[in-house]
Amino acid sequence: MKFDWYYEPTTIEECIQLLNEYGPDAKLLAGGTDLVVRLRSRALKVKTVISLNSMPELGRFYKAEDGMHIGAMARLGDISKSDLFTSVWQVVKKGAGNVSSMQVRNVATLGGNTCNASPSADTVPGLIVADAVVTIAGPQGERSVSVEKFFVGPGKTVLQRGELVTSFKLPNFQSGNGAVYKKYAIRGDTDIAIIGVGGRIQLDAKGVVVEARLALGAVAATPLRITDIEKMLIGNVINEEFAIEVAQAAANACNPITDQRATKEYRKEMVRVWTKHVILEANELGKAGI
């Protein structure tokens, strides 16, 4: 592992200055579960590493009147074990708990898992269906971007020179909402997802769907929100037959690749299988919360 410069800024302003100075020659170090491996193998070569570990405020998460606030350096293990993530927010807790092994989750961060921009990232479908918003700090000040618009390609995000993610915000949700994330991988959580499905359903007092979110991981160049399928759900009462119909439409709506983990056809079939489970479980959670 070789690089020329290592910094541990103690303020966001200092970090922005360093990122702006070194540009593409710099990489941020959060948990390091991906970056360190790539540096050691020489798959990635950079001149400067900037650690975020001397800014403890970025590792905090807390519940406020306007929703849940999660620092970018919040450890996935801490999120997965926290009792603060209730109702719809549990879908983010579930995604954090599905990332790799306990050892990895104890050092990996929500910001790192997101900014790595892997199409198969376990935390992202849950963040999308929970309407999460990313706060970005940079030379021009702060800006906010919804998680679903944060990605532009594999390993690529909307972050510009000098910018970093500082936090995530999850809004409050009305009663009647239920949210679920399902990961499918051959060897369980320690393996990279073949597919991931996140879903949120909001029901009215009669059990009719009034709002829906569906997001897929590992089926496209970026995590994929399938809005046309969401529209199929709205205005309907969900039963198993209808869930099967919607799940088949979800499978038809995606165009995954074949790689070393699965063929295109197998991924589409798993989307069909697991979307059905997500819809039915989210519906039951929504009914329980009416």
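Note: the structure precedes this text.
What this report covers is the structure whose coordinates are included nearby. Here the structure is a predicted model, which means the values were calculated and not measured. (Residues numbered from 1 in each chain as written. Predicted model: local features only at pLDDT ≥ 70, side-chain atom pairs only at ≥ 80, totals over all residues. Heavy atoms only, no water.)

Along the chain, the regular secondary structure elements total ten helices and 14 strands. In summary, the chain has a C-alpha radius of gyration of 19 Å against a globular reference of 19 Å for 290 residues, a match within 12%. Principal-axis analysis of the C-alpha atoms gives the chain an extent of 60 × 45 × 35 Å. The buried share of the chain, taken over its 290 residues, is 50%. Long-range contacts, defined as pairs at least 24 residues apart, comprise 61% of the intrachain contacts of the chain with a sequence gap of at least 6. Distance from the positive charge centre (34 side chains) to the negative charge centre (31 side chains) of the chain: 5 Å. (Helix = DSSP H or I, 4+ residues; strand = E, 2+ residues; numbered from the N terminus. Rg over C-alpha atoms; globule rule 2.2 N^0.38 Å. Buried < 20%, exposed > 50% of the residue type's maximum accessible area, 1.4 Å probe, protein only. Contact = heavy atoms within 4.5 Å. Lys, Arg positive; Asp, Glu negative; His and termini not counted. Charge placed at Lys NZ, Arg CZ, Asp CG, Glu CD.)

The next thing to look at is the side chain of Arg 200. Structurally, Arg 200 can be placed in strand E12 (residues 195-203). One polar contact links Arg 200 to Asn 177, side chain to side chain, over a distance of 2.9 Å. Once you skip the residues sitting within four places of it in the chain, Arg 200 turns out to touch Val 88, Val 129, Asp 131, Phe 173, Asn 177, Gly 178, Ala 179, Glu 211, Ala 212 and Arg 213. (Polar contact = N/O pair within 3.5 Å; in protein donor to acceptor, adjacent residues only side chain to side chain.)

The next point concerns the sheet that holds strand E10 (residues 164-170). Within the open sheet, the five strands sit side by side as E4-E5-E10-E6-E7. Their pairing is antiparallel. Since the sheet does not close on itself, it has two edges, and those belong to strand E4 (61-64) and strand E7 (141-146), each with one partner. Across the sheet, the mean angle from the axis of one strand to that of its neighbour is 25 degrees, orientation sign disregarded. Pairing of strand E5 (residues 67-71) with E10 involves four bridges; the strand directions are antiparallel. Looking across to E10, one finds that Ile 70 is bridged to Phe 168. Across the face of the sheet, helix H1 (residues 12-22) comes into contact with strand E6 (133-138) and E10 while running at roughly 130 degrees to E10. (Pairing = 2+ DSSP bridges. Axes fitted to C-alpha atoms, helices over the stretch in contact; angles between N-to-C directions.)

This next bit is on unusual backbone geometry. Unusually for a residue other than glycine, Ala 117 sits at a positive phi of about 55 degrees. Within the secondary structure, Ala 117 sits in the loop between helix H6 (110-115) and helix H7 (123-129). A relative accessible area of 3% places Ala 117 in the buried class. Despite not being glycine, Ala 218 has its phi angle at roughly 70 degrees, a positive value.

So, about the pattern of salt bridges. Here the structure, examined in full by the defined rule, presents 17 salt bridges. A salt bridge links Arg 38 to Asp 34, with the shortest nitrogen-to-oxygen separation between them at 3.7 Å. Asp 34 gets classed as partly exposed once you look at its relative accessible area, which sits at 31%. In this structure, Asp 259 and Arg 261 form a salt bridge, with 3.8 Å as the shortest nitrogen-oxygen distance. (Salt bridge = Lys/Arg side-chain N within 4 Å of Asp/Glu carboxyl O.)

On to the nonpolar core, then. By size, the foremost hydrophobic cluster in this structure holds 36 residues, and its most contacted members are Ile 70, Phe 85, Leu 127, Val 147, Phe 168 and Leu 170. The dominant element in this core, judged by the number of residues it contributes, is H7, at four residues. In this structure Leu 170 touches Asp 66, Gly 67, Met 68, Ile 70, Phe 85, Trp 89, Val 92, Leu 127, Ala 130 and Ala 132, once residues within four positions along its chain are discounted. Among the nonpolar cores identified, the runner-up in size contains 29 residues, and Ile 229, Ala 250, Ala 262 and Val 271 belong to it. (Core = buried A, V, L, I, M, F, W, Y, C linked by side-chain atoms within 4.5 Å.)

Moving on: the sheet that holds strand E1 (residues 5-7). Strand order in the open sheet formed by three strands is E1-E3-E2, with parallel pairing between adjacent strands. Each edge of the open sheet carries a strand with a single partner, namely E1 and strand E2 (26-29). If you compare each strand with its neighbour and ignore which way they point, the axes differ by 20 degrees on average. Sheet analysis places E2 next to strand E3 (residues 48-51), joined by four bridges and oriented parallel. What sits directly across from Leu 29, in E3, is Ser 51. Running at roughly 165 degrees to E3, H1 makes contact with E1, E2 and E3 of the sheet.

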